[in-house]
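Listed below are the residues making up each chain.
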Amino acid sequence: MESEGLLDRLIPGDLEDRIPAAVQRVLPGGIRNRLVQGALALLIAFGLAFVVRRMLAKREAARRIAARAPRAESISTEPAAARAVAQVMPETTSAEPQRSSARESRATRYPLLSTPHILLHGPVDHAMYVNFRGQLANAPQDGGPLVVSISTLGGDPEVARLMGDDLRLLREYSGREILFLGKVAVYSAGATFMASFPVDKRFLTAGTRIMIHERIINKTITLSGPLKTVTASLQATLHEIEHSIRIEEEGFRDLVEGSHIPFEDVQHRAPSNWYIEAEEARDLGLVLDVI
C-alpha cells in the first residue's frame with residue numbers, strides 16, 4: 001500500500017462522495033483539484049502583489065533621492081564663507097523693516113508727540129527764551145499733557161536751565177505732565193535742557209544724537225593795578241570756575257538720574273564730547289523711547 005501523501009491527509013479521498021451532485025457539476029474535475037488550483041491562484045496573487053509593492057516602494061525611494069540630489073550638491077559645492085553670509089543676509093535685510101514697524105507702533109502709542117505744543121530750534125539763547133515764553137503762554141491751558149520739542153547744536157547753558165526751571169515750576173504747582181521730545185540734535189545746552197525732565201518723560205526721534213560735554217570758558221585775564229586788587233581778581237575768576245564746575249556736575253547728575261549711566265561715566269566721557277545715538281540712549285535708560 002502506497003504511503004499516504006500530504007494532500008491526501010489534508011483532503012481525504014472520500015470527500016467527493018460527500019459533496020452533493022450539484023456542487024460537483026459546478027466544480028468538474030474533482031474537488032481536490034479545484035481546491036489546489038484555488039490555493040495556488042491565491043499564492044500567485046499574493047506573490048505578485050508583494051512583488052509589485054516592492055517595485056513601487058523602490059521607485060518612490062529612487063524618486064525622492066533624485067529630488068534631493070541637486071539641493072545637496074549645490075550646498076556641498078558652495079563655499080563655507082558664502083553659506084555663512086547667506087545665513088546672515090535674511091536677518092540683515094529684514095532688520096530695517098522690523099525697526100520701521102517698531103517705530104510705527106511706538107508712534108501710534110504716543111500720539112501726542114506728533115504735534116508738540118512748544119517747538120524750539122536753533123541756538124539756545126535769550127531769543128529762544130523769549131520764543132519759549134510766548135509759546136508756553138499760548139499753549140492749551142486745559143491741564144492736559146504738554147509736549148516740548150527742541151533741536152539745537154547748543155548755546156547758553158544758563159538759558160537752558162532757565163527754561164527747564166520754568167517747566168519744573170509749572171509741573172510742581174499745577175501737577176501737569178510735561179514731555180520732552182528731542183529732534184535730530186540735542187547738543188550741549190540742549191542736553192542741559194533735557195536734564196530738567198525725568199527720564200520717563202523724555203523721547204527722541206529716530207536718528208537723533210545727544211552730545212554731552214564740559215562747560216567751556218573763554219576768558220582773558222589782565223593783571224594791572226595794586227597787588228591786592230590783582231589777587232582779588234584772580235580769586236574771583238577761580239570762584240567762577242569752581243562754581244561752574246559744581247553747576248555742571250549738578251546738571252550731569254540730573255541728566256543720568258534714573259538711567260543706567262553712572263555719574264562717573266559722564267565725568268569721564270564729557271571732556272571728549274560724548275555723542276549718544278537715540279537707540280543707545282534708550283538702551284541706557286537715558287530716554288523712555290524712540291519714535
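Residues numbered from 1 in each chain as written. Predicted model: local features only at pLDDT ≥ 70, side-chain atom pairs only at ≥ 80, totals over all residues. Heavy atoms only, no water.

(A) Inspection of the overall build of the protein chain at higher detail. Each helix and strand in the protein chain was counted, giving 11 helices and seven strands. Residues counted as buried form 27% of the 291 residues belonging to the protein chain. Total accessible area computed for the protein chain in this model is approximately 19100 Å², and 59% of it derives from carbon and sulfur atoms. (Helix = DSSP H or I, 4+ residues; strand = E, 2+ residues; numbered from the N terminus. Buried < 20%, exposed > 50% of the residue type's maximum accessible area, 1.4 Å probe, protein only. Areas by Shrake-Rupley, 256 points an atom, 1.4 Å probe, with all protein chains shown as cover.)

(B) Region of the structure containing the nonpolar core. In this structure, Leu120, Phe193, Ile210, Ile212 and Leu286 are the most contacted members of the largest nonpolar core, which totals 41 residues. Sequence-distant contacts of Ile212, defined by excluding residues within four places in its chain, comprise Ala191, Phe252, Leu255, Val266, Ala270, Asn273, Trp274 and Ile276. Formed by seven residues, the second largest nonpolar core is a distinct cluster that contains Leu113, Val147, Leu179 and Ile291. (Core = buried A, V, L, I, M, F, W, Y, C linked by side-chain atoms within 4.5 Å. Contact = heavy atoms within 4.5 Å.)

(C) Geometry of a nonpolar patch on the surface. Judged by side-chain polarity, Phe50, Val51 and Met55 come together as a nonpolar surface patch covering roughly 310 Å² of accessible area. Along the chain, Phe50 turns up in helix 4 (residues 31-77). Relative accessible area serves as the criterion here: at 52%, Phe50 is assigned to the exposed category. (Patch = residues over 30% accessible without salt bridge, like charges linked within 9 Å, V, L, I, M, F, W, Y side chains within 5 Å. Salt bridge = Lys/Arg side-chain N within 4 Å of Asp/Glu carboxyl O.)

(D) Fine view of the pattern of salt bridges. The tally for this structure, following the rule as stated, stands at 12 salt bridges. Between Arg161 and Glu158 there is a salt bridge; the shortest N-O distance is 2.6 Å. With Arg161 and Glu158 both in helix 7 (residues 157-174) and three residues apart, the pair spans about one turn of that helix. Arg161 gets classed as partly exposed once you look at its relative accessible area, which sits at 38%. For Glu158, a relative accessible area of 33% corresponds to the partly exposed category.

(E) How the structure looks around the environment of His117. Of note, His117 is situated in the loop between helix 5 (80-109) and strand 1 (118-121). Residue His117 is classed as partly exposed on the basis of its relative accessible area, which comes to 25%. For the pair His117 and Leu136, spaced 19 residues apart in sequence, the C-alpha to C-alpha distance is 8.0 Å. Those residues in contact with His117 that lie beyond four places of it in its chain are Gln135, Ala139, Pro140, Pro145, Leu146 and Val147.

(F) Molecular detail of unusual backbone geometry. Not every positive phi belongs to a glycine, and Ser188 is a case in point at roughly 50°. Structurally, the position occupied by Ser188 is in the loop between strand 3 (178-187) and helix 8 (189-194). The exposure class of Ser188 is buried, given its relative accessible area of 16%. The phi dihedral of Asn273 is positive, around 60°, even though this residue is not glycine. Take Asn273: it is sitting in the loop between helix 10 (263-269) and strand 6 (274-277).

(G) Quick peek at the packing of aromatic side chains. Using the criterion set out here, one finds six aromatic pairs in the structure. Look at Tyr187 and Tyr275: their rings are 5.6 Å apart centre to centre, the planes differ by 90°, and that puts the pair in the edge-to-face class. Placement of the pair is Tyr187 in strand 3 and Tyr275 in strand 6, with a sequence separation of 88 residues. Through a chain of ring-to-ring contacts, the aromatic side chains of Phe180, Phe193 and Phe197 assemble into a single cluster. The ring centre of Phe263 lies 3.8 Å from the NZ or CZ of Arg253, which sits over that ring. (Phe/Tyr/Trp six-rings, centres within 6.5 Å; stacked < 30°, edge-to-face > 60°. Lys NZ or Arg CZ within 6 Å of the ring centre and 35° of its normal.)

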